Amino acid sequence: MTETKPAVLVTRRMPSAVLDQLAPSCLVDLHPGTDDLPHEEVCARLRGKQGLICMFNDRIDAAAIAAGDSLRVIATVAVGFDNIDVVAAAARGIVVTNTPDILTGATAELTWALILSVTRRIGEADRAVRRGGWTGWTFDFMLGSELQGKRLGIVGAGRIGRAVAAVAPAFDMQVVFAAKPGADRDSVSDETVVSLDELLLTSDVVSLHLPLTETTRHVINRRTLARMKRSACLINTSRGPVVDEEALSWALEERLIAGAGLDVFEEEPRVHPGLLQRENVCLTPHIGSATRETRAAMAALAVRNVVEVLGGRPAVTPVHR
Ligand code: DGY
């Protein structure tokens, strides 16, 4: 009698060398495109599948989980798992895994790229040169602000927030964190922890490193933006809905803050028009983990998680709610 291999839906093209790791033990149903699979199609293709490898922008809600009548593992190729109804998955005994750690360095690097781009006006300067707006060196052309001696406020003391903080001494910056009590907060020294209010009032750069939950949604809003220094900038490489974009656009218009660097947006790939038109906003298209090394490692870890769980072994990186 031939044993049937478990079937796995993969919602996006991934490196073939990584997918090859699935082939010996699983039947792969790959969506070979780079576009999003419509939710109904995800549900339809989940029927009879034991495994799912999805991306952070696939909505794996209770309906999708119910459609996956044979599902045993959901492996997202991302550290954030706000797109997955983990309660519904747990109720069905489905293991959910993510890809923590391996994208920390890449995301921290992009965060610093945005900090430097905003404070030294890199995007604006580049655009000026390209359109012939640079007619010769002048003493006060494109003046930015320096990081040296300034305060970096990190909201969220998880792995990525801490990796960003680790670079701050190289720029002679002082770091403070605002973090909820718990494991993350315990990983940073008490003297560096302040309230969110104090962080906003005193930081020159405010960088967001929060998961998206009901309590972090719109944590940056009109009230919190109005608390920031007028000379400060806001950086977000976490999840778009942590920032109320309408409020941010207002704060920039009113010059309540000096600029923003954003890699994530409320309704990706749509960007609020009030942000698109501003020179003092640096926009990148959700590329925090987008290095060849990191993306390959993320895909490989997701595949390993699926192989382990479907092989009857514990997941390598299960998510903990
Ligand atoms: C993540 O890992 O959560 C990123 O946003 C996608 O790479």
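Provided above is the structure to which this section pertains.
Note that the structure is a prediction, hence the values are computed from the model and not measured.

Enquirer: Explain the overall build of the chain residue by residue, including any values.
Expert: Looking only at helices and strands, the chain features 13 helices and eleven strands. In terms of C-alpha radius of gyration, the chain reaches 22 Å, essentially the compact-globule figure of 20 Å for 321 residues. Along the three orthogonal principal directions, the C-alpha set of the chain runs to about 80 × 50 × 35 Å. Considering the chain as a whole, with its 321 residues, one finds that 51% of them fall into the buried category.

Enquirer: Can you explain the site of the ligand? Please cite residues and give values.
Expert: The environment of the ligand is made up of Phe56, Ala78, Val79, Gly80, Leu103, Arg239, His286, Ser289 and Met298. The side chain of arginine 239 places a nitrogen or oxygen atom 2.7 Å from an oxygen atom of the ligand. In the complex, the protein chains occlude 91% of the 240 Å² of accessible area that the ligand would expose alone. Residue composition of the shell around the ligand, grouped by class: five nonpolar, three polar and one charged.

Enquirer: Can you break down the pattern of salt bridges residue by residue, with the values?
Expert: Two side chains with opposite charge may pair up if their charged atoms get near one another. Tallied over the full model, the rule gives 18 salt bridges. For glutamate 124, the salt bridge identified is with arginine 121, shortest N-O distance 2.9 Å. Because the salt bridges share partners, they merge into one network encompassing Asp29, Glu41, Arg45 and Lys49.

Enquirer: Run through the sheet that holds strand E5 (residues 95–97), naming residues and quoting values.
Expert: If you walk across this open sheet you meet the five strands as E2-E1-E3-E4-E5, and the pairing is parallel. Each end of this open sheet is capped by a strand with a single partner; those strands are strand E2 (27–30) and E5. The mean angle between the axes of side-by-side strands here comes to 15 degrees, regardless of whether they run parallel or antiparallel. The sheet contacts of helix H2 (residues 39–46) involve strand E1 (7–10), E2 and strand E3 (51–54), and relative to E1 the element is tilted by about 170 degrees. On top of the sheet, helix H13 (residues 292–310) reaches E1, E3, strand E4 (73–76) and E5; it is set at about 170 degrees to E4, its chief contact.

Enquirer: Now, about the packing of aromatic side chains: what can you tell me, with residues and values included?
Expert: For any pair of aromatic rings, the description consists of the separation of the ring centres together with the inter-plane angle of the planes. Here the structure, examined in full by the defined rule, presents two aromatic pairs. With centroids separated by 4.9 Å and ring planes inclined at 15 degrees, the aromatic side chains of tryptophan 112 and phenylalanine 171 adopt a geometry described as stacked. Separated by 59 residues along the polypeptide, tryptophan 112 in helix H5 (residues 104–119) and phenylalanine 171 in the loop between helix H7 (159–167) and strand E7 (174–178) bring together distant segments of the chain. Classification of tryptophan 112 as buried rests on a relative accessible area of 5%. Judged by centre distance (6.3 Å) and plane angle (85 degrees), the ring pair of tryptophan 137 and phenylalanine 139 falls under edge-to-face. Residue phenylalanine 139 is classed as exposed on the basis of its relative accessible area of 72%. Seen from the ring of tryptophan 250, arginine 222 lies directly overhead, with NZ or CZ sitting 4.3 Å from the centre.

Enquirer: Can you break down the environment of arginine 295 residue by residue, with the values?
Expert: The residue arginine 295 is located in helix H13 in this model. Residue classification places arginine 295 among the partly exposed positions, given a relative accessible area of 36%. Considered as a pair, arginine 295 and aspartate 61 are 234 residues apart in the sequence and their alpha carbons are 24 Å apart. In this structure arginine 295 touches His286, Ser289 and Ala290, once residues within four positions along its chain are discounted.

Enquirer: Got a sec to walk through H2? Specific residues and values, please.
Expert: Those residues of H2 that fall on the buried side of the exposure criterion are His39, Val42, Cys43, Arg45 and Leu46. Looking one or two residues past H2, glycine 48 carries a phi angle of roughly 80 degrees, positive in sign.

Enquirer: Which residues make up the sheet that holds strand E9 (residues 233–236), and what values go with them?
Expert: Either a parallel or an antiparallel arrangement is found when strands of a sheet pair, and the pairing is made through backbone hydrogen bonds. If you trace the six strands from one edge of the open sheet to the other, you get E7-E6-E8-E9-E10-E11, paired in parallel fashion. Of all strands in the sheet, those bounded by a partner on one side alone are E7 and strand E11 (281–283). Ignoring which end each strand starts from, the neighbouring axes of this sheet average 15 degrees apart. Bridge count for E9 against strand E10 (residues 259–262) is four bridges, and the pairing is parallel.

Enquirer: How would you explain the environment of valine 8 if you had to name every residue and give the values?
Expert: Note on placement: valine 8 falls in strand E1. Dropping the residues within four chain positions of it, valine 8 is found in contact with Leu22, Cys26, Leu27, Val28, Asp29, Lys49, Gly51, Leu52, Ile53, Val306 and Leu310.

Enquirer: Which residues make up the nonpolar core, and what values do they have?
Expert: Counting residues in each nonpolar core, the largest one holds 46 residues, and the members touching the most others are Met14, Leu22, Ile53 and Leu152. Counting only domains with at least three residues in this core, you end up with domain 1 (7–102 + 292–310) and domain 2 (104–283). Leaving out residues up to four positions away in the same chain, isoleucine 53 has contacts with Val8, Leu9, Val10, Thr11, Met14, Leu22, Ala75, Val77, Ala302, Val303 and Val306.

Enquirer: A description of helix H11 (residues 245–253) should follow, citing residues and the corresponding values.
Expert: Those residues of H11 that fall on the buried side of the exposure criterion are Glu245, Ala247, Leu248, Ser249, Ala251 and Leu252. Among the structural elements, helix H10 (222–227), E9, E10, helix H12 (273–276) and E11 are those in contact with the buried residues of H11. The N-capping residue of H11, defined by a side-chain oxygen 3.1 Å from the backbone nitrogen of glutamate 246, is aspartate 244. Downstream of H11 by one or two residues, arginine 255 has phi in the positive range, about 55 degrees.

Enquirer: So what about the side chain of threonine 111? Which residues, and what values?
Expert: Residue position: threonine 111 is located in helix H5. What makes threonine 111 buried here is its relative accessible area of 0%. Once you skip the residues sitting within four places of it in the chain, threonine 111 turns out to touch Val164, Ser207, His209, Ile235 and Thr237.

Conventions used here
Along each chain, numbering runs from 1 in the same order as the chain's sequence is written. In keeping with the model being predicted, local features are shown solely for residues with a pLDDT of at least 70 and side-chain atom pairs are shown and tallied solely at 80 or more, while totals for entire chains, interfaces and linings include all residues. Hydrogens are left out, water is left out, and the side-chain values use all remaining heavy atoms of the structure. Strands are runs of DSSP state E lasting at least 2 residues, helices are runs of H or I lasting at least 4, and numbering of each runs from the N terminus. With the radius of gyration taken over C-alpha atoms, the globule rule is written as 2.2 Å times the number of residues to the power 0.38. The classification of residues rests on relative accessible area computed with a 1.4 Å probe and restricted to protein chains. Under 20% of the type maximum is buried, over 50% is exposed, and intermediate values are partly exposed. For this description, a residue counts as near a given molecule or strand if any of its non-hydrogen atoms is within 4 Å of it. The definition of a polar contact used here is a pair of N or O atoms within 3.5 Å, where within protein one atom must be able to donate a hydrogen and the other to accept one, and adjacent residues in sequence count solely through side-chain atom pairs. Per-residue and other accessible areas were derived by the Shrake-Rupley procedure at a 1.4 Å probe size, with only the shown protein chains allowed to occlude residues. Note that Gly is not counted as nonpolar here; it falls among the polar residues with everything else outside the nonpolar set of Ala, Val, Leu, Ile, Met, Phe, Trp, Tyr, Cys and Pro and the charged set of Asp, Glu, Lys and Arg. Put simply, a salt bridge is a Lys or Arg side-chain nitrogen that is within 4 Å of an Asp or Glu carboxyl oxygen. Here a strand pair is declared whenever DSSP counts at least two bridges between the two strands. Here an axis means a line fitted to C-alpha atoms, over the contact stretch when the element is a helix, while the angle between two N-to-C directions is reported on a 0 to 180 degree scale. In what follows, a contact means two residues having at least one pair of non-hydrogen atoms within 4.5 Å. In summary, the pairing rule links any two rings of Phe, Tyr or Trp, Trp by its six-membered ring, whose centres are within 6.5 Å, and it sorts them by plane angle into stacked for under 30 degrees, edge-to-face for over 60 and tilted for everything else. We call a charge positioned over a ring when the NZ of a Lys or the CZ of an Arg lies within 6 Å of the ring centre and within 35 degrees of the ring normal. Nonpolar cores are built from buried Ala, Val, Leu, Ile, Met, Phe, Trp, Tyr and Cys residues. Side-chain atoms within 4.5 Å join them into one set. Each domain's extent is set by a domain assignment, obtained either automatically or from a database.

Note that all results are geometric; they support no functional claim without further evidence.
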